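Fold and geometry: a report
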Amino acid sequence: MGCRTWGQNMELKLVEYFADEFNKQLGNGVDIRNSPKAMAKLKKQVKRTKEILSANMMAPISVESLYDDRDFRSTITREKFEELCEDIWEKALVPLKEVLKHSGLNTDDLYAVELIGGATRVPKLQAKLQEFLGRKELDKHLDADEAIVLGASLHAANLSDGIKLNRKLGMIDGSTYGFVFELGGIGFLKDENTRQLIVPRMKKLPSKMFRSVVHDKDFEVSLSYESRDLTPPGASSLVFAQYDISGLTETSDKYSSRNLSSPIKANLHFSLSRSGIFSLDRAEAVIEITEWVEIPRKNLTVDNSTSASASANNTEADARDHNDKLETNNGSSNLSDSSANESNTVDLGTEKKLKKRTFRVALKVIEKTTGPGMPISKESFAEAKRKLEALDKKDAERRRTAELKNNLEGYIYSTKDKLGSEEFEKVSSEQQRQSFMEKLNEDGSSYKELFVYRYDELTARPAASEHARKYLTELQQVIREAEKLKNWLSNKEAEQEKTSGFSKPAFTSSEVYGKVLDLQDKVASVNRIPKPKPKVEKPDKVETESVGDKADSTSGETSSKDQTTSNSDNVADEKANAESQGHDEL
């Protein structure tokens, strides 16, 4: 048995007791019950105090800055605690008495009573249970807290489609409350026939059921709890759901002129979910009609009709005589079976028979519940969804801000460590590093804008130069191969001019295409040289200056080579054009 609810009630008793005591200490007419923050602090400490009382005769309570920067300290004895909760001890036995009553058992039939829930550790509660059950000891084989959590988790996994257990857990649960339905509207009188118990207490979950109501007008259905003594905490009324059933009047008017074999009735389909929620799912009108229907008679042959009209008193001798006649005339009756059937078939027309037909018409079910049990409207649902989305957005922004702050803090610490390294001493002076350190202490962002790119260039610049040299080397090799192809083609063309058309050609087109393709492969290999990874983006001003310096140095280095390389560059351009044209033709 579990005692979680009673444990909360015990804590509330202590909260009220200590709230009154603190109000007396203040003495200025202030009630801390009006301060949710103070009450939350007090309730948190009260839970710990209750746990201490389970093992000790006295327990302290201490809450710092409970209200208006005032601390609260006090003590309570177990005797005083049991006095405050006097009404709870008898109420805690009610569930056990109800279980025994509905199961038809008595205390002597119980093999074991396992305690589950933190409140079962309270000595006074254990004493009351022992007294009621007539036992010296209660069973405590399970962890009082873990058993509830583990059981709920396994039950949830058992119901879930997304979680697979090695084996299904067998569990039979019953409805905590009994439910009744009541009919109302035109033609209904308030009596025992309009109010019926449909779900008795402890009915197996889940379940489906239906009830038939003989009626021909639209009506109302209300669902309520069986007894006011057994209602959920906070329920202000026994009725928790109301429905309007419409469409029955229209259906009755439509079929009333037909030959009804029984009165029109409405079937109400209810369901009891795994969570113990009882609801009306759908309703339908059932109309049973008996009508005369024309159906074709069965086709009968002459022989069959003759035998059918023969008297039942024909003797066996008459049958033998008839067979003898058929045998003597066998030679003259050689007609085929098909022709005999066609000639002997007689159309007997149709006949009327009574036939029972059942029509089912879906009725409209409109929920009109008001009060605490009222379902949320579409507008309210959309508004709640918008609020949740706004809260999620704020949470995401807060997480993003915290992440950025953490990244900035880590960046500042790592940068401070790097300022003392030899690499940074090469690209900055002592005065610059001191200035950067001060800026880091301010916001940490100016450091990167000022000179972090210098540190990156220490490794990025050599890598870029190496890439350029490798590319130029490969390009020069391609240019040499292109020059060889040009000389070979010129020699072959000159040799072909001297060769007669009746002789073997000096070179073939396939040879030309083969050499061009080889050259194209070498050009492609140059383009496949991997590019260096992009580095940290530099400020525009610094980048412009560096590009200008590089351009000046490059122009200075190449000015002396312009005369020697211009011709070769032109040759390479011409060859590239020729190669691309040849490739397109191929």
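In the block above lies the structure referred to throughout.
Quick look at the structure, then. Each residue is numbered by its place in its chain's sequence as written, counting from 1. Since the coordinates come from a predicted model, pLDDT governs what is reported: local features require at least 70, and pairs of side-chain atoms require 80 or more to be given and counted, while whole-chain, interface and lining totals use all residues. Side-chain numbers here rest on the full set of heavy atoms in the structure, without hydrogens or water.

1. Some words on the nonpolar core
A general tendency of soluble globular proteins is for nonpolar side chains to be buried together. Residues Met-10, Phe-18, Ile-32, Leu-42, Leu-66 and Phe-81 are the most contacted members of the largest nonpolar core, which totals 34 residues. Ignoring any residue separated from it by four or fewer positions in sequence, one finds Leu-42 in contact with Val-15, Phe-18, Ala-19, Ile-32, Ile-61, Val-63, Leu-66 and Phe-72. Counting residues in each nonpolar core, the second largest holds 32 residues, with Phe-181, Val-199, Met-209 and Val-221 among its members. For this analysis, a nonpolar core means a set of buried residues of the types Ala, Val, Leu, Ile, Met, Phe, Trp, Tyr and Cys, connected via side-chain atoms within 4.5 Å. Buried means the residue's accessible area, taken with a 1.4 Å probe over protein chains only, is under 20% of the maximum for its type, while exposed means over 50%, and partly exposed covers the values in between. When checking whether two residues touch, look at their non-hydrogen atoms; a contact exists if any pair is within 4.5 Å.

2. A short note on the pattern of salt bridges
Any carboxyl oxygen of Asp or Glu within 4 Å of a side-chain nitrogen of Lys or Arg constitutes a salt bridge here. Applying the stated criterion to the full structure yields 22 salt bridges. The shortest N-O distance in the salt bridge between Glu-16 and Arg-33 comes to 2.9 Å. With Glu-16 in helix α1 (residues 4-26) and Arg-33 in the loop between α1 and α2 (36-53), this pair connects stretches of sequence that are 17 residues apart. Lys-128 is the salt-bridge partner of Glu-90, the closest N and O atoms lying 2.8 Å from each other. You can see Glu-90 sitting in helix α4 (residues 86-91) and its partner Lys-128 sitting in helix α6 (residues 123-133), a full 38 residues away along the chain. With relative accessibility at 42%, the residue Glu-90 sits in the partly exposed group. A residue is classified by how much of its surface remains accessible, and Lys-128, at 16% relative accessible area, is buried. Each of Glu-16, Asp-20, Asp-31 and Arg-33 takes part in salt bridges that share partners, so that together they form one network. Secondary structure elements are taken from DSSP: a helix is a run of H or I of four residues or more, a strand is a run of E of two residues or more, and numbering for both begins at the N terminus.

3. Side note on the sheet that holds strand β4 (residues 179-185)
Taking strand neighbours across the sheet as the criterion, the eight strands line up as β5-β4-β8-β9-β12-β11-β10-β7 in an open arrangement whose pairing is antiparallel. In this open sheet, the two strands that pair with only one neighbour each are β5 (195-199) and β7 (207-214). Here the average twist between neighbouring strands, direction ignored, is 30°. Relative to β5, β4 is paired through four bridges, and the arrangement is antiparallel. From the neighbouring strand, Val-180 faces β5, where its bridge partner is Leu-197. For two strands to pair, DSSP has to find at least two bridges joining them. The angle between two axes is taken between their N-to-C directions and runs from 0 to 180 degrees, where each axis is a line fitted to C-alpha atoms and a helix contributes only its stretch in contact.

4. Quick notes on the packing of helix α5 (residues 94-103) against α6
Viewed as axis vectors pointing N to C, α5 and α6 meet at an angle of 30°, and their least axial separation amounts to 11 Å. In terms of orientation, α5 lies roughly parallel with respect to α6. As α5 packs across α6, the resulting crossing turns out to be right-handed. Seen from α5, the contacting residues are Leu-96, Lys-97 and Leu-100; seen from α6, they are Leu-129, Phe-132 and Leu-133. Classifying every residue of the contact of α5 with α6 gives five nonpolar, no polar and one charged. Working definition: roughly parallel below 35 degrees, roughly antiparallel above 145 degrees, roughly perpendicular at 65 to 115 degrees, and oblique for all remaining angles. Helix crossings are classified by the rotation of the near helix relative to the far one: an anticlockwise turn of less than a right angle makes the crossing left-handed, while a clockwise turn makes it right-handed. All residues other than Ala, Val, Leu, Ile, Met, Phe, Trp, Tyr, Cys, Pro, Asp, Glu, Lys and Arg, Gly among them, are scored as polar; the first ten of these are nonpolar and the last four charged.

5. Quick look at the packing of aromatic side chains
Aromatic contacts are taken between Phe, Tyr and Trp rings whose centres are within 6.5 Å, Trp giving its six-membered ring; a plane angle under 30 degrees counts as stacked, one over 60 as edge-to-face, and the others as tilted. In the structure shown here, the tally under the stated rule is 13 aromatic pairs. With centroids separated by 5.5 Å and ring planes inclined at 85°, the aromatic side chains of Phe-22 and Phe-72 adopt a geometry described as edge-to-face. Of the two residues, Phe-22 is situated in helix α1 and Phe-72 in strand β2 (residues 70-77); the sequence distance between them amounts to 50 residues. Judged by its relative accessible area of 0%, Phe-72 is buried. With a centroid separation of 5.7 Å and 35° between ring planes, the pair formed by Phe-179 and Tyr-225 is classed as tilted. Highlighted residues: Phe-179 in strand β4 and Tyr-225 in strand β8 (residues 219-225), separated in sequence by 46 residues. Assigned by exposure class, Phe-179 and Tyr-225 land together as buried. An aromatic cluster is defined as three or more aromatic residues linked by ring pairs; in this entry it consists of Tyr-177, Phe-179, Phe-181, Tyr-225, Phe-240, Phe-270 and Phe-278. Note on criteria: charge over ring means Lys NZ or Arg CZ within 6 Å of the ring centre, with the direction from the centre no more than 35 degrees off the ring normal. The ring centre of Trp-488 lies 4.9 Å from the NZ or CZ of Lys-515, which sits over that ring.

6. Describing a negative patch on the surface
The residues that make up patches have over 30% relative accessible area and no salt bridge, and they are joined within 9 Å when like-charged or within 5 Å when they are Val, Leu, Ile, Met, Phe, Trp or Tyr. Accessible surface area values rest on a Shrake-Rupley calculation with a 1.4 Å probe, where residue burial reflects the displayed protein chains alone. When charges are counted, Lys and Arg are positive and Asp and Glu negative, with His and the chain ends excluded. Charge coordinates come from a single atom per side chain, which is NZ of Lys, CZ of Arg, CG of Asp or CD of Glu. A cluster of acidic residues, Asp-216, Asp-218, Glu-250 and Asp-253, forms a negative patch at the surface. Positionally, Asp-253 belongs in helix α8 (residues 248-255).

7. A word on the environment of Arg-357
Mapping Arg-357 onto the fold places it in strand β12 (residues 350-367). Note: C-alpha distance between Arg-357 and Thr-290 (67 residues apart in sequence) is 6.3 Å. Each residue touching Arg-357, except ones within four places of it in the same chain, is listed here: Ile-287, Glu-288, Ile-289 and Glu-291.

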